[in-house]
Amino acid sequence: MSIRQLSVFVENQKGALAGVLHTISDAGIELRALSIADTSDFGILRVITSDNSRAALALSENGAVCSVTDVVAACADDKPGGLAALLTILSEAGIDVEYVYAFVAQTGKHAWVVLRVSDNAAAEKVLTDAGITLLNDADVANI
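First, a word on what this report is: a plain description of the structure on this page. For every chain, the first residue of the written sequence is number 1, and numbering continues from 1 along that sequence. For this predicted model, a pLDDT threshold of at least 70 governs which residues receive local features, and a threshold of 80 or more governs which side-chain atom pairs are given and counted, while totals over whole chains, interfaces and linings are taken from all residues. To get the side-chain values, take all heavy atoms of the structure and skip hydrogens and water.

Helix and strand counts for the protein stand at five helices and six strands. Helices (α) and strands (β) of the protein occur, in sequence order from the N terminus, as β-α-β-β-α-β-α-β-β-α-α. Note that the radius of gyration is over C-alpha atoms, with the globule rule given as 2.2 Å times the number of residues to the power 0.38. Here the C-alpha radius of gyration of the protein, 16 Å, is about what a compact globule of 143 residues would show, namely 15 Å. Its C-alpha atoms put the protein at 40 × 35 × 25 Å along the principal axes. Here the protein, with 143 residues, has 35% of them falling under the buried criterion. Contacts are assigned to residue pairs with any non-hydrogen atoms lying within 4.5 Å of each other. Counting contacts in the protein only where the partners sit at least 6 residues apart, residues at least 24 apart contribute 69% of the total. A total of about 7,700 Å² of accessible surface is found on the protein, and carbon and sulfur atoms cover 50% of it. Numbered from the N terminus, helices here are DSSP runs of H or I no shorter than four residues, and strands are runs of E no shorter than two. Between buried and exposed lies partly exposed: a residue is buried under 20% and exposed over 50% of the maximum accessible area for its type, with that area taken using a 1.4 Å probe on protein chains only. For the area figures, the Shrake-Rupley method with a 1.4 Å probe applies, and any residue is considered shielded solely by the protein chains shown.

Okay, here's the thing in C-alpha cells:
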C-alpha cells in the first residue's frame, strides 16, 4: 500500500524551485506534500502530487531530472506524541526511518506523514497491525 514520491534534482539558483513547481501546476497537477533538502549547489525536492505519473512526465519533458520512490503514508494522531508513537512502532520492529515529512490534509484529528523506511512491506504490516491507517495512490489523488 505504499505511495509514490517524486524526487527532483533542483539547482540552487534563483527561480529554479518555482520553475519546477510551475511545470507541475501547468500540467494541472496538484501538490499534496513536499519537502526539500539542499546543499550550496543543489536541492532534492521530494513531492507527492495528485498524479505522480503525469508530474514525472511533465518534469522530464521540461528537462528536470527526477526519480520515483515508493514511500509509506501513515496516519498519526494529531496530538502531542502522536508521531513519536508511530515512530516507536517502527523502531521496535527494527525498521529504519530515513526521513519523514508532513502531508497536508484537513482531517481535524489526524496528521498524515510520509515515511521513507528501510522496508516498506514490513513497515506497512507493523503499522496496520497496530491499527494505523495508511494511504495508497488513489487516496492521495482524492484528497
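Having seen it, we continue.
What follows deals with the packing of aromatic side chains. Only the six-membered ring of Trp is used, alongside the rings of Phe and Tyr, when aromatic pairs are assigned; centres must lie within 6.5 Å, and planes under 30 degrees apart are stacked while those over 60 apart are edge-to-face, with the rest tilted. In total, this model carries two aromatic pairs according to the counting rule given. On the basis of an interplanar angle of 20° and a centroid distance of 6.4 Å, the ring pair of Y99 and Y101 is categorised as stacked. A residue is classified by how much of its surface remains accessible, and Y99, at 17% relative accessible area, is buried. For R46, the ring lying beneath its charged end belongs to Y99, and the centroid distance is 3.8 Å. Put simply, a charge is over a ring when the Lys NZ or the Arg CZ is close to the ring centre, within 6 Å, and near the line of the ring normal, within 35 degrees.

Another point: a nonpolar patch on the surface. Side chains of F9, F42 and V65 sit close together on the surface and give an oily, nonpolar patch of about 260 Å² of accessible area. Tracing the chain through its elements places V65 in the loop between α2 (52–61) and β4 (66–77). Patches draw on residues past 30% relative accessible area with no salt bridge. Two like charges within 9 Å are joined, as are two nonpolar side chains (Val, Leu, Ile, Met, Phe, Trp, Tyr) within 5 Å. Salt bridges are identified by distance alone: a Lys or Arg side-chain nitrogen within 4 Å of an Asp or Glu carboxyl oxygen.

Moving on: the environment of R32. Relative to the helices and strands, R32 resides in strand β2 (residues 31–38). By relative accessible area, which is 9% here, R32 ends up buried. With 111 residues separating them in the primary sequence, R32 and I143 have C-alpha atoms 7.9 Å apart. Polar contact criterion, stated in full: a pair of N or O atoms within 3.5 Å, where within protein one must be able to donate a hydrogen and the other to accept it, and residues adjacent in sequence count only if both atoms are side-chain atoms. Here E30 takes part through its side chain, which lies 2.9 Å from a polar atom of the side chain of R32.

All right, on to the pairing of strand β1 (residues 3–11) then. Relative to β4, β1 runs antiparallel, the two being bridged by six bridges. Among the inter-strand pairings, L6 is bridged to a residue of β4, identified as V68. Only strands joined by at least two bridges in the DSSP assignment are considered to pair. Sheet topology places β1 next to strand β3 (residues 42–49); six bridges connect them, and they run antiparallel. Residue V8 lies in a different strand from β3, and its bridge partner there is L45.

Treat this as a map of the structure, not an account of what it does.
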